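Listed below are the residues making up each chain.
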Amino acid sequence: MEKIKSYRYLRIFYRFPVISGLLGFITALFLGQLITLKEYQIFLDQEEDEVISYSSLVEDKISTVLNSSYSAAAILGFLHERVDFEREFDIIGEEILQRLPYIDAVQWNEEGVIKYVYPMEGNAASIGFDVLNDTITHKNIEAYLAIEKDELYFAGPFELKQGGMGIVGRLPINKDGNFWAFSVVIIRLETFFELLDYDPKANNRFYVQFSKTNPSTGIEEFFLPEEKGYDGFHYVKKINDGNWTLSIQLKQSEALKRVLPPLILRFLVSLIIGIALYYLAKLPSILQKEVSRKSKALRRTIRRFNMASEAISEAVWEWDFSKNKIYRSRNFVSLFGYKLSFFKMNQQMFENLIHPDDRVQTSARFKEFLEGNDKFWQQEFRFLKENGDYAHVLDKGILQRNKNGSPRKFFGAIQDITLLKERELQLVKLNQKLDLRAKELQLAFLQLEDSEKRYRELFELSPLPMWVYDLDTLKFLDVNNAAINSYGFTREEFLAKTIEEIRPIEEIPVLEKELEKRKNLKGFIFSGNFRHKRKNGELIEVEISSNKIILKGAPAVLVLAVDVTLRNKYIAAIEVQNTKLKEIAWIQSHVVRAPLARLVGLVDLLEMEKIENPDRSVASFDELFTYIRSSANELDAVIKEIIEKTERIELD
Amino acid sequence: MSYRVFIIDEHEIDLIILRRTVIKSGLHQNPRLFRNGLQALEHLSLNPVINEPVLIFLDIYMPDFSGYDFLELLKTLKIDSQVHIIIVTSSVNNEDKKRMSEYENVISYVHKPFKLEDIQRAGNLFLEEISR
């Protein structure tokens, strides 16, 4: 019962940590400051005690003075009947002053008039002064007060008749029951304060003041410099012997100052206690929150796991060796069709469902795995489904072992990879097909490469200068060795040039015209003869044939440039020869044929003459014969000349 | 209609052969012979031709003053009217033949060695020409 009650308080304490902390703080503050208050009061009391004890010291000193005064006055009163004051007052006075050091002077006053004084020095002025009738300085009032009281009564402090401030103690002496004389003691004020051992100018802890209500004016007069504004304990004492008021005050109360540090300290301690309590109260709620957060996360994880294990195609299992229990997830049902009985199946029963061809190997491997040191388990096997089919499965697991290596817990998943297996088979087939295709392609590629190489070589090794240029930029893209040899530029120089740069300036317009033509035509073009410039500046005549091709995706032109400089030279030479030959032919037709024709003409004439006159003698034809011989000789000369000319041509 | 016949040839034997052939052909009984074209032109300008056509047998190949020179000069001297020319040449060059045909008054072309008939045929061409 008690326990339950305290538990309830604790629950309230833990539930409202702020209130708990605040409460703790207030309580601690209250208790602490109560102590501070008590301390403050104690300090005040201490100060009061100090003031009082100092006061009693002062009082003691005053009473010493008063007693001394009384003794002196009493001695004078006792002696005046036995001693002749007229003669011996100085001796008595000296004696008294020697014994009572606080008294400055003694006087004898008969019926109000001062008769004797000791010491005379400094006091002589007072002789003969009638106190009772002094209405000027009102000394009579206090004199009568002393008579009335019939005991030692101190008058003053006031201005003494003989000069200086002082207090005057008067003891009335009666004769026959009536007042007769005063036995007087004078204490100068300096002496009095000296006795009190109080110097108003010094830095004292206490403020001391003497005051008295002036009997003639009724105004309170202060004997010491008046000071105000002190807050310490104030002690006031009436001294009846002179109607004086003694007031002593502690100048500065230090009680508050002294309790201030503990006050602050206690406040801080209370604050710490409050905060500590607040945290103490809050701790369980923090912990509780943490626990609920963790358990929420845990619940989420479990839910996620459950959902995930249903969503995935794998069946999850867990084998606790210490309890020899196997947990299997619901997916076993959907994967293999076995109903709930499956969950209770032990390892041996499970192994019996493995395909006979895989069973021995799987069991052996599993046994070996359990006895070994490996952590990861993986095995493929065929597994009998409830419908009688075999599924290809992949079983994977992680084994936790005890320190001695024996199995503790075994987690894993079993996956139906039947489809995967089928796909794998298809993939293998596809791969084989692809391999075959790849080989074909490779062969084709090799052939292509071979032919490309052949064409490449045809270009490179061609004895005729060839190059390829970009149709847009006119830059050389490639040149063969024959071009390099013919033009004298290196390959690098060529590739940095455009085709315009191997032509003399006057040929550029021709080139531009050709390029315009080239752009609109496809395929092989015989462009004709142009003039090009070699590196050494030599001009050559070339016959250009070109073909549009696509090189690296851009339109380009393959050019075959045959140097026809020599050929053209030969042609020119042949033409010269031709002209010469023509000349020969012309000469032949005129010069050679002329005598021949003449011969034929003469022979014809001869025949005609013979036919007309058959009887003519041979001699009558002499003229004609002469002509025939002459022509024959002529012909011979002409032929000789032609042979000579022909020889000359050959020599040229 | 009367007409004159000139024969211009550098070579003496050629002149004799052609003269005899012209006579034999019956074209003209007394053709005038010139050893070069300039003499013939001189003769023509000294004996102006009015209504008496002239037939000239002209050889081409004459080193000093060729047949062409003759034709050109004839043209520039404006004495070519009524002058008909038959070219007689040993040249078988077509070039020559082509060149000759450019001259209006060249009416025929006879190759050496020629037959009597060649001269007769060319003479007939001339006779046809002048009878028009």
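Residues numbered from 1 in each chain as written. Chains lettered and ligands numbered in written order. Predicted model: local features only at pLDDT ≥ 70, side-chain atom pairs only at ≥ 80, totals over all residues. Heavy atoms only, no water.

Draft legend 1. Looking closely at the overall build of chain A. Tallying secondary structure elements over chain A gives 15 helices and 19 strands in all. The burial tally for chain A puts 38% of its 652 residues in the buried class. Of all intrachain contacts in chain A linking residues separated by at least 6 positions in sequence, the fraction that spans at least 24 positions is 50%. Within the structure as shown, chain A displays about 40,800 Å² of accessible surface, and the carbon and sulfur contribution to it stands at 58%. (Helix = DSSP H or I, 4+ residues; strand = E, 2+ residues; numbered from the N terminus. Buried < 20%, exposed > 50% of the residue type's maximum accessible area, 1.4 Å probe, protein only. Contact = heavy atoms within 4.5 Å. Areas by Shrake-Rupley, 256 points an atom, 1.4 Å probe, with all protein chains shown as cover.)

Draft legend 2. Inspection of the nonpolar core at higher detail. Ranked by internal contacts, the top residues of the largest apolar core, which has 49 residues, are A:Ile62, A:Phe85, A:Trp108, A:Phe192 and A:Phe210. Looking at which element gives the most residues to this core, the answer is helix H2 (residues 17-79) of chain A, with 10 residues. In contact with A:Phe85, other than residues within four places in its own chain, are A:Leu76, A:Leu79, A:His80, A:Ile92, A:Trp108 and A:Tyr116. B:Ile7, B:Ile16, B:Leu18 and B:Val88 belong to the second-largest nonpolar core, a separate cluster that totals 36 residues. (Core = buried A, V, L, I, M, F, W, Y, C linked by side-chain atoms within 4.5 Å.)

Draft legend 3. Focus on the confidence of the model for chain B. Here chain B averages 86 in pLDDT, while 98% of its residues score no lower than 70. Here the complex is predicted with pTM 0.38, and the ipTM for its interfaces comes to 0.84. (pLDDT = per-residue confidence, 0-100.)

Draft legend 4. Focus on the pairing of strand E16 (residues 476-479) of chain A. Residues and elements named next belong to chain A. In the sheet, strand E15 (residues 466-470) pairs with E16 via 3 bridges, with the strands oriented antiparallel. Paired with Trp467 across the bridge in E16 is Val479. Where E15 hands over to E16, the hairpin turn is made up of 5 residues, of which Leu474 adopts a positive phi near 65°. (Pairing = 2+ DSSP bridges.)

Draft legend 5. Just the interface of chain A and chain B, in detail. Listed by partner, the interface residues are 22 residues for chain A and 21 residues for chain B. For the pairing of chain A and chain B, the buried interface totals around 2,000 Å² over both sides, and the portion due to carbon and sulfur atoms is 62%. In this structure, the connection of chain A to chain B is made through 6 salt bridges. For the salt bridge of B:Asp14 with A:Arg598, the shortest nitrogen-to-oxygen distance reads 2.7 Å. Counting the contacts that link chain A with chain B gives 6 residue pairs in polar contact (both at pLDDT 80 or more). Contributing elements (two or more residues each) for the side of chain A that touches chain B: helix H14 (565-612) and helix H15 (622-651) of chain A. (Buried area = accessible area lost by both parts, 1.4 Å probe. Salt bridge = Lys/Arg side-chain N within 4 Å of Asp/Glu carboxyl O. Polar contact = N/O pair within 3.5 Å; in protein donor to acceptor, adjacent residues only side chain to side chain.)

Draft legend 6. The arrangement of a nonpolar patch on the surface in detail. All names here are of chain A. The grouping of Leu260, Leu263, Ile264, Phe267, Leu268, Leu271, Ile275 and Tyr279 at the surface amounts to a nonpolar patch, some 700 Å² of accessible area in total. With respect to the element layout, Leu260 can be found in helix H6 (residues 255-311). On the accessibility criterion, Leu260 (45% relative accessible area) is partly exposed. (Patch = residues over 30% accessible without salt bridge, like charges linked within 9 Å, V, L, I, M, F, W, Y side chains within 5 Å.)

Draft legend 7. How the structure looks around the sheet that holds strand E5 (residues 106-111) of chain B. Residue and element names in this part refer to chain B. Strands sit in the order E2-E1-E3-E4-E5 across an open sheet of 5 strands; the sheet is parallel. Strands with a single pairing partner mark the edges of an open sheet, and in this sheet they are strand E2 (32-34) and E5. Across this sheet, the average inter-strand angle for adjacent strands is 20°, counted without regard to direction. Across 6 bridges, the pairing between strand E3 (residues 54-59) and strand E4 (residues 83-89) is parallel. Across the sheet, Phe57 pairs through a bridge with Ile86, a residue of E4. Relative to strand E1 (residues 4-8), helix H2 (residues 37-46) is tilted by about 155°, and along the sheet it contacts E1, E2, E3 and E4. Along the sheet, helix H3 (residues 67-76) contacts E1, E3, E4 and E5; its crossing angle with E3, the most-contacted strand, is approximately 145°. (Axes fitted to C-alpha atoms, helices over the stretch in contact; angles between N-to-C directions.)

Draft legend 8. Local environment of the side chain of A:Ser247. The topology assignment puts A:Ser247 in strand E9 (residues 244-250). Among the polar contacts made by the side chain of A:Ser247, one reaches the side chain of A:His234 at a distance of 3.1 Å.

Draft legend 9. Structural view of the sheet that holds E9(A). All names here are of chain A. Strand order across the open sheet formed by 4 strands is E7-E6-E9-E8, with antiparallel pairing between neighbours. Each edge of the open sheet carries a strand with a single partner, namely strand E7 (220-222) and strand E8 (234-239). Neighbour-to-neighbour, the strand axes of the sheet open up by a mean angle of 25°, direction not taken into account. Two strands pair when backbone bridges link them, and strand E6 (residues 206-213) and E7 are joined in this way by 3 bridges, in the antiparallel orientation. From the neighbouring strand, Thr213 faces E7, where its bridge partner is Glu220. Those strands touched by H2 are E6, E8 and E9, and its axis lies near 150° from that of E9.

Draft legend 10. Examining the pairing of strand E19 (residues 554-563) of chain A more closely. Residues and elements named next belong to chain A. Across 5 bridges, the pairing between E15 and E19 is antiparallel. Within E19, the position partnered with Val468 by the bridge is Leu558. Sheet analysis places strand E18 (residues 539-551) next to E19, joined by 10 bridges and oriented antiparallel. In the strand pairing of E19, Ile549 is matched with Ala556. Between E18 and E19, which pair antiparallel and follow one another directly, the connecting turn spans 2 residues, one of which, Lys552, has a positive phi of 50°.

Draft legend 11. Region of interest: a positive patch on the surface. A surface patch of positive charge is lined by A:Lys296, A:Arg299, A:Arg300, A:Arg303 and A:Arg304. With respect to the helices and strands, A:Arg304 occurs in helix H6. (Lys, Arg positive; Asp, Glu negative; His and termini not counted. Charge placed at Lys NZ, Arg CZ, Asp CG, Glu CD.)

Draft legend 12. Structural context of the side chain of A:Arg534. By secondary structure assignment, the location of A:Arg534 is in the loop between strand E17 (524-533) and E18. Excluding residues within four positions of it along the chain, A:Arg534 makes contact with A:Ser486, A:Tyr487, A:Phe489, A:Ile540 and A:Asp563.

Draft legend 13. Inspection of the confidence of the model for chain A at higher detail. The predicted model of chain A has a mean per-residue pLDDT of 83, with 97% of residues at 70 or higher. Looking over chain A, one finds the lowest element-wise mean pLDDT in helix H1 (residues 2-15) of chain A, namely 70, and the highest in helix H12 (residues 491-495) of chain A, namely 91.

Draft legend 14. How the structure looks around the packing of helix H1 (residues 12-25) of chain B against helix H5 (residues 116-130) of chain B. Residues and elements named next belong to chain B. Running from N to C, H1 and H5 point in directions that differ by 65°, and their axes come no closer than 9 Å. On the basis of the axis angle, H1 is roughly perpendicular to H5. The way H1 lies across H5 gives a crossing that is right-handed. Residue-level contacts link Leu18, Thr21, Val22, Lys24 and Ser25 of H1 to Leu116, Ile119 and Gln120 of H5. (Parallel < 35°, antiparallel > 145°, perpendicular 65-115°, else oblique. Left-handed = near helix turned anticlockwise from the far one by under 90°.)

Draft legend 15. Main features of the packing of H2(A) against helix H5 (residues 189-196) of chain A. Residues and elements named next belong to chain A. Close contact between H2 and H5 brings their axes to 9 Å; oriented N to C, the two are set at 135°. With respect to their mutual orientation, H2 and H5 come out oblique. In this structure, the crossing between H2 and H5 has a hand that is right-handed. Across the interface between the two elements, Val58, Lys61, Ile62 and Val65 of H2 pack against Phe192, Leu195 and Leu196 of H5. Here the residues of the contact of H2 with H5 sort into 6 nonpolar, no polar and 1 charged. (Nonpolar A, V, L, I, M, F, W, Y, C, P; charged D, E, K, R; others polar.)

Draft legend 16. A look at the packing of aromatic side chains. One pass over the structure, following the stated rule, counts 29 aromatic pairs over all chains. Taken together, a centroid distance of 6.2 Å and an interplanar angle of 75° make the contact between A:Phe210 and A:Trp244 edge-to-face. Of the two residues, A:Phe210 is situated in strand E6 and A:Trp244 in strand E9; the sequence distance between them amounts to 34 residues. Across this residue pair, the class does not change: A:Phe210 and A:Trp244 are buried. Three or more aromatic residues link up through ring pairs in this structure, and these residues are A:Trp317, A:Trp319, A:Phe321, A:Phe366, A:Phe369, A:Trp377 and A:Phe410. A cation over a ring is seen here: A:Arg82 above A:Phe78, with NZ or CZ 3.8 Å from the ring centre. A cation sits over an aromatic face here: B:Arg99 above B:Tyr68, 3.6 Å from the ring centre. (Phe/Tyr/Trp six-rings, centres within 6.5 Å; stacked < 30°, edge-to-face > 60°. Lys NZ or Arg CZ within 6 Å of the ring centre and 35° of its normal.)

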